[in-house]
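Analysis of the macromolecular model
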Amino acid sequence: MLQTSLAEVLHEVHTDDTLLRWDMQANCHSLPQWRQMAVPANGEDCMFSHFGFGNHPVSRRRLLSYVPIGLPGVFSLTAGMSLSGNASASTAQEPKSADTSRRRGSVIFVFLFGGPSQIDLWDMKPAAPLEIRGEFRPIQTSAPEIQICEHLPLLATQMHRTCLIRSMHHRMPVHGPACSEIYSGRPYPLPPTTDQARPEDWPSLASMVTRFATAPQGLPPAIVTPWHSQFFGQPVRIAGQTGGRMGLQFDPFVLSASLDSGKFDADELTLSESSDSERLAARRSLLMSLEKSGQGSVNGNSIQRYEGFQETAVSLLRDGRLSRAVKLEDETATCRHRYGNTVFGRSLLAARRLVETGVPLIVVNWHDTSFNDKVSPHWDQHNHIFPVLRDRMLPVFDQAMSALIEDLGDRDMLNSTMVLATGEFGRTPRIGQFTQNAMTEKSGRDHWPHAFSVLAAGGGIAGGQVYGSTDHQAGQVRDNPVSPADLSATMFDHLGVNPEQRYWDPIQGAYLPLTDGHVIAVERV
């Protein structure tokens, strides 16, 4: 199976002189001879990739001078991608993709990395003792039966459009594995000894959507922005954000932003002066003719999928829709100010514009300036939770999140666009309670996966309602429990992807459904 992603293919078709890797299959008996042919006489580096035979770099233009078009076994030219095979997956019949009879909407999934406190934001318990209820007080909202934190005044005006799901739960208290459970909708499959992604991870929601959802021609089915959730100094993204065992070729497209200025990196979404549309078409035609020489050398599904990535990448460059979508200066100054001059605010504004462009799923990962805080980065408040929430976190979240919900409502986009915001878990009911992180102080709250909340709006979900409830200290779910699998199933359903769609799991050696969850039974409009 070809191990490449849309981002890598986009880089390939965008670049004029990229490095290539090519693979010779077993039907090429003169392997050493062809390897020798691929080495230039002038001693310049070239790249030849075959399992166990080593790597040497060569440019596309130079490769054409050494390899005849009819060379048997050459099945693909790629840039910066690895080639690998899976015998079980190759011999198994690929399941069909999305059920075209299902309704299709868009989803903006806002991931609040670190785990926000349910009891201090959405599920307040004003009658509880001070060491449980904390310093904040609830306020009335535009939904008569709902109260939320006093430091979310703008969001309070949008609660008539919003549903609070207060009964999320799972059993994983460690950041990375808990992130994996929310991102993938499945219990973490490995011992919780690391926060970092592994090849054995379950595929992320965005990866499954990349594989099985449909999008307008030239657009990726899923986009992650403005970065991968990651701890400062960590060399690998946090668990659950890749294609995992489904294959890294299904890693979602990441639209990154400069984390100091918030400007989106759209360079590879725009044709350079040396890669005009006519030249790009010529390169694409040449590449297709080369690939035809290797028909039958790998699983046809893999070739079709890679060619699909190529078509999408070429379309991205030709029509420029994504690059235009992230040109936030095209919005009015009033609109930009409403979302806020922060990375998170600009990311939510970009998400709204990406929905308008036609992208089905946009994952917005929380970012703020606390990423280098060793004790309490992002929403992970192990100390000084109340001043941190009041002064740093909630003003940014309140402004941007309320702007998104109001903007979608005013543009008549809310019914077709589902917005969900949650973290990997909640926080302990009791202040200073130690459960997992020894750095938790008497002024903070530790990890708590047993009960936390989801902010939901749009996508046919009726606003002004609360689904599920917790006990007197927001510590245990009392009714209508919701699992990460249920959350995934709800998003799949709205995106028009059958949650029962199956894919081949090479680790378990079986076809598995995208999720075992059920669509959350909230009241619908």
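For the structure itself, look to the data block above.
Notes on the structure follow.

What counts, and at which threshold
- Each residue is numbered by its place in its chain's sequence as written, counting from 1.
- Reporting of local features is limited, given that this is a predicted model, to residues whose pLDDT is at least 70; pairs of side-chain atoms are given and counted only at 80 or more, and all residues count toward the totals for whole chains, interfaces and linings.
- The side-chain values count all of the structure's non-hydrogen atoms but skip hydrogen atoms and water molecules.
- Strand pairing follows a simple DSSP-based rule, namely that at least 2 bridges must link the two strands.
- Runs of H or I in DSSP of at least four residues are treated as helices and runs of E of at least two as strands, each being numbered from the N terminus.
- Residues count as neighbours in contact if any of their non-hydrogen atoms are within 4.5 Å of one another.
- In this analysis an axis means a line fitted to C-alpha atoms, helices contributing only their contacting stretch, and an angle means the value between N-to-C directions, from 0 to 180 degrees.
- Buried, partly exposed and exposed residues are distinguished by accessible area as a fraction of the type maximum, computed with a 1.4 Å probe on protein chains only: under 20%, between the cut-offs, and over 50%, respectively.
- Roughly parallel means an angle under 35 degrees; roughly antiparallel, over 145; roughly perpendicular, 65 to 115; everything else is oblique.
- Definitions for this section: a left-handed crossing has its near helix turned counterclockwise from the far helix by less than a right angle. A right-handed crossing has that turn clockwise.
- Under this grouping Gly is polar, as are all residues other than the nonpolar Ala, Val, Leu, Ile, Met, Phe, Trp, Tyr, Cys and Pro and the charged Asp, Glu, Lys and Arg.

1. A short note on the sheet that holds strand β5 (residues 106-111)
Read across the sheet, eight strands follow the order β10-β9-β11-β5-β12-β15-β8-β16 without closing on themselves; strand pairing throughout is mixed. Here the strands that pair on one side only, and so sit at the sheet edges, are β10 (253-254) and β16 (465-467). In the sheet, strand β8 (residues 162-168) pairs with β16 via three bridges, with the strands oriented parallel. Bridge assignment links C163 to a residue of β16, and that residue is Q465. Across the sheet, helix α8 (residues 175-184) is in contact with β5, β8, β11 (361-365), β12 (417-422) and β15 (452-458); its angle to β5 comes to roughly 170°. Its contacts with the sheet place helix α15 (residues 385-410) against β5, β8, β12 and β15, and it is angled at close to 165° to β12.

2. Quick notes on α8
Of all 10 residues that make up α8, 10 are buried, and the element is covered over most of its length. Buried residues of α8: H175, G176, P177, A178, C179, S180, E181, I182, Y183 and S184, and no others. Backbone geometry just downstream of α8 places G185 in the positive-phi region, at approximately 80°.

3. Points about the packing of helix α14 (residues 343-357) against α15
Relative orientation of the contacting elements α14 and α15 amounts to 15°, with a least axis distance of 9 Å. Judged by the angle between their axes, α14 and α15 are roughly parallel. Taken as a pair, α14 and α15 cross one another with a handedness that is right-handed. Here α14 contributes F344, G345, L348 and R352 to the contact with α15, which in turn contributes V396, F397, A400, M401, L404, D407 and L408. Within the contact of α14 with α15, the residues separate by chemical class into eight nonpolar, one polar and two charged.

4. Quick notes on the packing of helix α9 (residues 205-212) against helix α16 (residues 484-495)
Following both chains from N to C, one finds α9 and α16 inclined at 25°, their axes separated by 12 Å at the closest point. Compared by their axis directions, α9 and α16 come out roughly parallel. Handedness of the α9/α16 crossing: right-handed. From α9, L205, M208 and V209 reach across to α16, where they touch M491, F492 and L495.

5. Some thoughts on the pairing of strand β19 (residues 502-505)
Relative to strand β20 (residues 510-513), β19 runs antiparallel, the two sharing four bridges. Paired with R502 across the bridge in β20 is P513. In this antiparallel pair of consecutive strands, β19 and β20, the connection spans four residues, and G509 shows a positive phi of 65°.

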